[in-house]
Amino acid sequence: MPEASRALPEPTPETAHFWEGTRQGELRLQRCDACLHVYFPPRPFCPKCAHRRVTVIRASGRATLYSYVIHHRPVPGFEPPYSIAVVELEERPRMMTNIVNAPQTPEALRLDMPVRVVFRRISDTITLPLFEPVEKLA
Amino acid sequence: MKPGSVAIVGAAETTELGKIPNLSQLQLHADAALNTLADAGLKPVDIDGVATAGESPVAIAYMLGIAPRWVDGTAVGGCSFMLHVRHAAAAICEGLCKTVLVTHGESGYSRVGRTLPARGPSSYNGQFEAPFGTAGPPTAFTIPALRYMKRFGLREEDLALVAVVQREWATHNPRASHRTPLTVDEVLASSMIAYPFRKLMCCLVTDGGGALVLAAAERARDFPRKPVYVLGTGESVETPLVSQMEDFTTSRAFRVSGKQAFEEAGISPREVGHLMIYDAFAHLPLFGLEDLGFVERGEAARFIRDRHTAPGGRLPLNTNGGGLSYMHSGMYGMYALQESVRQLRGIAPAQVPGVRISVAHGVGGMFAASGTIVLGSER
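Position labels on residues start from 1 in each chain and follow its written sequence. Lettering of chains starts at A and numbering of ligands starts at 1, both following the order in which they are written. pLDDT decides what is reported in this predicted model: residues at 70 or higher carry local features, side-chain atom pairs at 80 or more are listed and counted, and totals for whole chains, interfaces and linings draw on all residues regardless.

All names here are of chain A. In this scheme every C-beta is placed from the backbone, and a residue whose C-beta has 20 or more other C-beta atoms within 10 Å is buried, one with 12 or fewer is exposed, and one in between is partly exposed. The secondary structure listing takes helices from DSSP runs of H or I that are at least 4 residues long and strands from runs of E that are at least 2 residues long, numbered from the N terminus. Burial of strand S5 (residues 82-89) is extensive: 7 of the 8 residues sit out of reach of the surface. Strands qualify as paired when DSSP identifies two bridges or more between them. The pairing of strand S4 (residues 62-71) with S5 spans 8 bridges and is classified as antiparallel. The residue bridging Thr64 from the neighbouring strand is Glu88, located in S5. Relative to strand S6 (residues 94-97), S5 runs antiparallel, the two sharing 4 bridges. What sits directly across from Val87, in S6, is Met95. In this structure, the hairpin formed by S5 and S6 is closed by a connection of 4 residues, where Arg92 is found at a positive phi of approximately 105°.

And the structure:
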């Protein structure tokens, strides 16, 4: 798959720690020092209480499959059909991703099934956090 | 705004709808504007307020030769025109301007002179959604649907039925793109776009435009057409990232916008005789019916199955055929407003007898924004 032809992210000063994390094999979230709210996507203040002191934390990488579509049309860098999914992290925030290492079928992709993060290096600067089922299908 | 203090005194769509390769996006705005000015018996010099999305109000005012003293370029996607109506009503009440032109035009199919919202690779979308292969609305707007379906026990047939019932309305409309009756089986046999959405559960992609003229209700009788009164308005936004919606089974923007509009109008959903819910995809009328309070959470699919929204039902919904069958240029909200105006004027192709209150509800982006307008045939 010519993955480098994907629409790749361009990190900003406020998101650089996230993309630095994926390069190092870490999924990074942020936690408010005041109200302890854990959130994603990145911003240097708490979206719940507007406090400016926040701490970058490492997520466990464990999640469940919250919702998805299976796209059947061609998109640069992808081989259809492929899932575009939203997972709910153990720490609560949700994020968009792809479910990989599984058949791209409704039967294999069951809502609420446990998934875990895997890191896919796309370019020198960008590594994407993808997710795979924890249990392999029999 | 006091309910009924502002009226829609002019409304029209582009001369043609569908495939219009000989007109640019800007000219689609202008064609709709000229038809609407004629409908209202006005010349551009009579207009002192301009609101639009997709193009800059600067371009629209310049092209039509208008010297406005009030402009609104609010652009939050397909419901922008609902927000323009709301803002225009407030501006007229406040005396900032007297006669407002709201325009829409979009070369969605032919893509002539089209402007697109810029979402660079450093935007939230560019960093946290696009890298996973979202390719426009069919892959993003649709993502909450499976969660909704699991929560409320819906099947693909329920999504298909939304398209089938709206096609029933479209069969009465000579300007609808698709007018052949449709079955659930045919919808489920259409090609898979993004599971669980098949082609006939996704909106059309067409060219067209529409425009409105608003003025104070006291002036409404100076215009040739039957006025349609603005009774209540609402607006809200939630998130540019569909993946970050608070809840995949209900839209916060819909709830905030709808509640505000009904409260302002001082009516309950029970008093509504005609309803337009922006249907870019088949799950949107389900969310709209529930989030606006027409039915309880999880009840919308059954409400449609029981034919309450179909011809002859007690809550006629998307009577032009909707974005699924009538037309969808990209920012469909204007066409929902146009159909509400036609129904209240009593001139709709699939006219519902005796409509007194119509609601036009719009969505912008992927559940990102919302606008709701309650319209009435009387103040």
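With that out of the way, let us pick up the interface of chain B and chain A. Contacts between chain B and chain A engage 28 residues on the former and 30 residues on the latter. Elements supplying a minimum of two residues to the side of chain B that touches chain A: helix H4 (124-128), helix H6 (145-152) and strand S5 (192-195) of chain B. The residue inventory of the side of chain B that touches chain A, partitioned by class, reads 16 nonpolar, 9 polar and 3 charged. Direction of pairing for S4 of chain A relative to S5 of chain B: antiparallel, over a ladder of 2 bridges. Looking across to S5 of chain B, one finds that His71 of chain A is bridged to Ala194 of chain B. Here, residues touch in the contact sense if the C-beta positions derived from the backbone fall within 7 Å of one another. Any residue that is not Ala, Val, Leu, Ile, Met, Phe, Trp, Tyr, Cys, Pro, Asp, Glu, Lys or Arg is counted as polar, Gly included; the first ten are nonpolar and the last four charged.

Let us now look at the environment of Glu91 of chain A. All names here are of chain A. Relative to the helices and strands, Glu91 is located in the loop between S5 and S6. Since 17 C-beta atoms lie within 10 Å of it, Glu91 is described here as partly exposed. Spatially, the C-alpha atoms of Glu91 and Asp33 are 16 Å apart, while their sequence positions differ by 58 residues. Once residues lying within four places of it in the same chain are set aside, the contact partners of Glu91 are Leu29, Val38 and Ala59.

Mapped onto the elements of the fold, Gly133 of chain B is located in the loop between H4 and helix H5 (137-140). Contact partners of Gly133 of chain B, with chain neighbours within four places excluded, come to His71, Val75, Phe78, Tyr82, Ile84 and Asn98 of chain A together with Thr139 of chain B.

To continue, consider the environment of Leu182 of chain B. Residue and element names in this part refer to chain B. The residue Leu182 is located in the loop between helix H7 (156-170) and helix H8 (184-189) in this model. Residue Leu182 is classed as buried on the basis of its C-beta count, with 22 C-beta atoms lying within 10 Å. For Leu182 and His104, which are 78 residues apart along the polypeptide, the C-alpha to C-alpha distance reads 30 Å. If we ignore the near neighbours within four places in the chain, the residues touching Leu182 are Ala163, Val164, Arg167, Val187 and Leu200.

Moving on to helix H2 (residues 57-64) of chain B. Residues and elements named next belong to chain B. Of the residues making up H2, those classed as buried are Pro57, Ile60, Ala61 and Leu64. The buried residues of H2 all sit within an arc of 95° when viewed along its axis, so they share a single face. Next to the buried residues of H2 lie helix H1 (25-40), strand S2 (49-52), strand S3 (70-72) and strand S4 (99-107). The first or second residue beyond H2 is Gly65, which carries a positive phi of 75°. This arc describes the spread of directions from the helix axis toward the C-beta atoms.

Shape descriptors only; they carry no functional weight alone.
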